[in-house]
Amino acid sequence: MDWSRRQGRIAAAAALAVVAVLTLARLASFGIWDPWELSAADLGRQLATGEAPALEQPSLTPWLVGQGFSLFGVHEWAGRLPMALGGLAAVLLAYLLVARFAGRRAGVWTALIAGTSPLFLLNARQMLGAAPAFAASAAVFLCAMAAVFRPAPLRAEPARRTLRTGLWLLGLIVSVVLATLASGALQGVAPPLLGVGLAIVARGEVTPPWADPKRSGVAAAVLALALLVGFGAAHAVWADYAGFGWWTGGVPRGGDPPTWEMAIERLFHSFAPWSALLPLALARMLLGSPRPAEPPPPAATVAPAPQQVRARHPEEDALRLGLVGWVAFGYLAETLFTARYGAATFLPLVGAAAAVGLMLHDVERSRRAWWATAVVAFLFVGLIVRDFRAYPSGPIEGLPVEGIEVPEVFNPKYVWAGFLGLFGLFLGLGLAADPDGEHAGVRGAFRRWQEDWREGGASRARAWMVVFRLGVASDLWAQQWRRGGAFRAWLALLATLLVTILLFGVGVYVLPERLAGWFGMTSLAIRIGRLLVLVPPILVLAIAVLRLVLFGFSRLGSYRLVPALLAAVALGGYTSMGFQPELSSHFSPREIYDTYNELAGPDEPLGEFRVGGRAAAYYATGEIRELQSQAQLIEFLQRDERVWAAFRGDDLASIDRAYRQNTGEHLFVADARSARMLLATNRPVEGVENQNYLADAVLDEAPTPQHRFHVNFDDRIHLLGYDLDLPHGGYVGPGEAFTITWYFRVEAPVSGSYQPFVHIDGPGQRINGDHVPVDGNYPVRLWQPGDIVVDRQELRVPANYRRGNLTIYMGFYAGDQRLEILEGPEDDVNRARLGSLPIR
């Protein structure tokens, strides 16, 4: 059997407890996302108060949100709690589904896989999520599978078996109703039923002769229901009815539909890190369940004894076929819905998790190394890391909303890379480990190292020699050397390359200046050479560590994939308790209102301009006033008593400009944590720093630049000079970044779309620094006469640039036009010539 009954129950309870912590912890620690989650909260409040708004989406999810508000009051956690419970129900159903057909161990794997991805966690922890639809769709699949391929023992009494079948069919009817209410028949009901129907047809359950007429009758009924629902949903899509329909679960809309691969991309990002295994797992499902492994040698592993390895269930192959069908039809339904009815998410979450869980269970049962799978999965993890770095919105693509983008100022790419890299490393090692492998060379080397290390003294030097021999893989080299001349030639070439790298690295350490002079080497080449000298010893150490780690993973036996699972749990913890609250500070006005409630006095009103007033009902405690124009906002801020104002972050430049024109001072910003919304006041707050970035970027008095110039641009802007911050003081190397800080005095307004351009030119080389000033926040059209504008920008020298001095030019352009230079050093195309940039 697969674990003892007690072990299985403990493991299942622990898995569900872990997912419960990830789902419920800090559920009230972040604000309502405006406008996406706020719209769901408002709809829930309307339903809770008995209102009947016109339906544009299935009503179960907003009804559950409303029930949370009715029971616990209007709080974020009250509206989110039903979503979280729906998510936990989906994870429980995932465990029950797989445990019934493939054993408790595979069920535990599936539960943890289903509960640790951003697709699950972000949907289960917000009022806009689809967690109840995950559970309802999973219930449809479970009830249909169990009714047809019931894993009840054949020795059970016929009456008992008939009762079980009847209960599963009753559960199927209830699940179909709930799934329709949660997401419509197209996405929530048709894919799981059609997946089961595919398994029924492929297994010949309705093809005579019938060994079990009752079973065949139930299979025919389920197949008929699947075809009926599938036909009904397809007809509704084809008919394209104008209003909301339960068959489709949405209202038709216009516009250009997304292309077919967008659903795959969203699933690949949101189901991370397990999406790295999903394509391989689906292909594996089509191969059927593996045969039980042969009993391993007694000393080769610490895995459970052979009698504890569970024999495969006779209907496990049916589950695998059904999962493939569920996922495939779910993808088709999501694509159709997104193309015509709006945003959707991938509802067969449990099906995808079950496929991955079964594949990993196959790895455990096979007791061999899966090198090809390890390499492919590791590369897919690397692709996820790259995508999360380039596209910060990747983790939230599984939410059923449109128009949501992660702000540029928030990109935790290194945190994602750390968690995903750890998962990819552990997964690759677990898949590549061979529990029944001999590992003779590694085992013997490890034992010799232990003996020498225990002796101490000079013996520890021999211990390091053991590590060195293990690192150079002397046993493997000897094997390759004995294979013939071609292999010897490759080994000699590799050894020559390593020796050359080592000699070059030593040379750049000993004679760096002479090498630079003789060969014209840049500082980048010298830095690379100094790193190359470390390559041979690091390579030796890495090989030794890799072989030892693989040996250690092989000793884990059937538990060799547990480290990867723990890394996925850690990634899920960051998703729910780190990423989601941090991102919410940019989407939710909660922090703004919390700061206002903390700092404002009892008679200090809050004016809102272009932020919408709905969120204030959830958070603000003082007097709220809606301001219709910027003029009203400026008038409001000029009152004698202290007042507060909330407005959009991209309006700060124009509002601060208008405020300074009237008061001569910068606006005091008390809270700028959000990229979308700011809180300001007309009086400085004691003990609170002014977070208005324009206070440091627009000065009243001119500083003294490091490099002084006087360049007159069309009597409207004067360049006073610049500071040049180089990493080596007197020069910058290829591949390195440097900073230029420009100082301008504004003499007259500059209309139009002029912005600075920076050209740092050399023979066949140019570093382009065109930009909008002050990190894109203070365009030239808003500059006021008398302003001293401090504009700091960071540039990078391309790694392929040669040694030399590049000339620095700058100016102002709008399309094909440039501001004319009336005074100062220039060339003949209205570019100010401003010294040189030394590259070494």
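Our structure is the block above this text.
Residues numbered from 1 in each chain as written. Predicted model: local features only at pLDDT ≥ 70, side-chain atom pairs only at ≥ 80, totals over all residues. Heavy atoms only, no water.

Draft legend 1. A look at the sheet that holds strand β3 (residues 644-648). In spatial order, the strands read β2-β1-β3-β5-β4; together these five strands make up an open sheet with mixed pairing. Of all strands in the sheet, those bounded by a partner on one side alone are β2 (624-627) and β4 (668-671). On average, each strand axis in the sheet is tilted by 30° relative to the strand beside it, whichever way the strands run. (Pairing = 2+ DSSP bridges. Helix = DSSP H or I, 4+ residues; strand = E, 2+ residues; numbered from the N terminus. Axes fitted to C-alpha atoms, helices over the stretch in contact; angles between N-to-C directions.)

Draft legend 2. Broad picture of the packing of aromatic side chains. Under the counting rule described, the total for this entry stands at 23 aromatic pairs. Consider the rings of Phe72 and Trp77, whose centres lie 5.3 Å apart with planes at 45°: the pair is tilted. The class of Trp77 is partly exposed, set by a relative accessible area of 33%. On the basis of an interplanar angle of 65° and a centroid distance of 5.4 Å, the ring pair of Phe744 and Phe812 is categorised as edge-to-face. Here the residue Phe744 occupies a position in strand β9 (residues 737-746), and Phe812 occupies one in strand β13 (residues 804-814), the gap between them amounting to 68 residues. (Phe/Tyr/Trp six-rings, centres within 6.5 Å; stacked < 30°, edge-to-face > 60°. Buried < 20%, exposed > 50% of the residue type's maximum accessible area, 1.4 Å probe, protein only.)

Draft legend 3. View of the pairing of strand β5 (residues 677-681). The buried fraction of β5 amounts to five of the five residues, a majority that puts the element mostly inside the structure. Burial of β5 is two-sided: the residues Met677, Leu679 and Thr681 facing one way and the residues Leu678 and Ala680 facing the other way are all buried. Pairing geometry for β4 and β5, over three bridges, is antiparallel. Paired with Val669 across the two strands is Ala680, which belongs to β5. Counting the residues that bridge the hairpin from β4 to β5 gives five residues.

Draft legend 4. The arrangement of the layout of surface pockets in detail. Reported here for the largest pocket is a volume of approximately 1000 Å³. What lines the largest pocket is a set of 40 residues, and nearest its centre among them are Glu56, Gln57, Pro58, Ala343 and Pro400. Going through the elements one at a time, α2 (36-48), α3 (60-72) and α8 (158-183) are the ones with two or more residues in the lining of the largest pocket. Here the element with the most residues in the lining of the largest pocket is α2; it accounts for five residues. For the lining of the largest pocket, the residue count by class is 25 nonpolar, 11 polar and four charged. (1 Å grid on protein atoms, 1.4 Å probe; cavity = no way out; pocket = protein on both sides within 12 Å on 5 of 7 lines; lining within 4 Å. Points joined across faces, edges and corners; volume = space filled by probe spheres on them. Nonpolar A, V, L, I, M, F, W, Y, C, P; charged D, E, K, R; others polar.)

Draft legend 5. Local environment of the packing of helix α7 (residues 131-148) against helix α13 (residues 316-340). It is the contact of α7 with α13, at a shortest axis distance of 12 Å, that shows an interaxial angle of 145°. The handedness of the crossing between α7 and α13 comes out as right-handed. Here α7 contributes Ser137, Ala138, Phe141 and Met145 to the contact with α13, which in turn contributes Ala318, Leu319, Gly322, Leu323 and Trp326. (Left-handed = near helix turned anticlockwise from the far one by under 90°. Contact = heavy atoms within 4.5 Å.)

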